[in-house]
Amino acid sequence: MTDYTPPKVWTWNKPSGGAFASINRPIAGPTHDKELPVGKHPLQLYSLATPNGVKVTVMLEELLARGHKGAEYDAWLIRINDGDQFGSGFVEVNPNSKIPALMDRSGETTVRIFESGSILVYLAEKFGKFLPTEQPARAEVLSWLFWQMGSAPYLGGGFGHFYAYAPEKFEYAIDRFSMEVKRQMDVLDRRLAETEYLGGKDYSIADMAVWPWYGGLALGRMYNDSAEFLSVQEYTHVQRWAKAIDARPAVKRGRMVNRAFGEPAMQLHERHDASDFETKTQDRLAAE
């Protein structure tokens, strides 16, 4: 590895390299005009089934499973590798150009909500589910929710990037972020040794936020062979928790929504009705 001396002032004069070089840039705002589609339900979700996107589709499917008909939603696919998040319509919903983004058209005034944690809190308060109203239970759930917000960038943009996506393997970066991810897994394992779910005895938005990232890692679904590399089987309490959540029917459905990769039977590019899970997955569309 060649030595690098940073210049006095950084300038963007070459692609960053790696898997996402084509969509990385140091400025915000739209790159092209494109209106977002609007479906028939009050809730309009614009997303992709990354861990952050899965948080919200799991939440919506869990609400529907609890009988909250007002949680019916249209889910539209945002292909981030194609730069859909930089369309003018999406930027109006989320000026940060990141999925997921939600529009709630159920009231007199349309509400935009962006950032996955914010969406989870909004939906929990709107429907009165998965977030305790009394202390200290509420504080515990919110603490673990925001733990995920602060921790996952080290797993994704840190470890995941340098281990799986960077154009070269850098020992220092991989060691640095592997150490931190294993520390985070130990934090979770110690907590889950004490209680069934992160917030306590009840399943909550904290679990919905953390599971797509750290549950996915524990179940071997993240960053190629990273589960073996990080010895995730050692975290037995995380394993118990990850498998229990993975078995929930609403979680299985939530993982499928806006998925545009992997097995065709698990891909539901758009979701507009519950029946779409039986008729609109990519394997069924291909068979037609």
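In the block above lies the structure referred to throughout.
Small disclaimer: the values here were computed from a predicted structure and weren't measured.

So, the pairing of strand β4 (residues 111–114)
Looking at chain direction, strand β3 (residues 101–104) and β4 are connected through four bridges and run antiparallel. If you follow D104 over to β4, its bridge partner there is V111. Counting the residues that bridge the hairpin from β3 to β4 gives six residues.

So, the environment of A71
Residue placement: A71 occurs in the loop between α1 (51–65) and β2 (73–77). For A71, a relative accessible area of 0% gives the class buried. For the pair A71 and M59, spaced twelve residues apart in sequence, the C-alpha to C-alpha distance is 9.3 Å. The residues contacting A71, other than those within four sequence positions of it, are L43, L60, L63, L64 and F127.

Observations concerning the nonpolar core
Core analysis: the largest hydrophobic core is formed by 65 residues, its most contacted members being M59, L123, M185, I205, Y214 and W241. Among the elements that make up this core, the one with the highest residue count is helix α6 (residues 205–218) (ten residues). If you look at the next biggest cluster of nonpolar residues, it comprises eleven residues, including Y46, W76, I78 and I99.

Some thoughts on the pattern of salt bridges
Applying the stated criterion across every chain, the model contains 16 salt bridges. Across the salt bridge formed by E72 and R271, the nearest N and O atoms sit 2.7 Å from each other. Pair noted here: E72 is in the loop between α1 and β2 and R271 is in the loop between α9 (249–256) and α10 (276–279), with a separation of 199 residues, a long-range link. A relative accessible area of 0% places R271 in the buried class. A salt bridge links R183 to E180; its shortest N-O distance comes to 2.9 Å. You can see R183 and its partner E180 sitting in helix α5 (residues 171–192), three residues apart, about one turn around the helix. The partly exposed category is assigned to R183, whose relative accessible area is 44%. Connected through shared salt-bridge partners, E61, E72, R253 and R271 make up one network.

Thresholds, definitions, all that
Residues numbered from 1 in each chain as written. Predicted model: local features only at pLDDT ≥ 70, side-chain atom pairs only at ≥ 80, totals over all residues. Heavy atoms only, no water. Pairing = 2+ DSSP bridges. Helix = DSSP H or I, 4+ residues; strand = E, 2+ residues; numbered from the N terminus. Buried < 20%, exposed > 50% of the residue type's maximum accessible area, 1.4 Å probe, protein only. Contact = heavy atoms within 4.5 Å. Core = buried A, V, L, I, M, F, W, Y, C linked by side-chain atoms within 4.5 Å. Salt bridge = Lys/Arg side-chain N within 4 Å of Asp/Glu carboxyl O.

As far as function goes, none of this settles anything; it's purely spatial.
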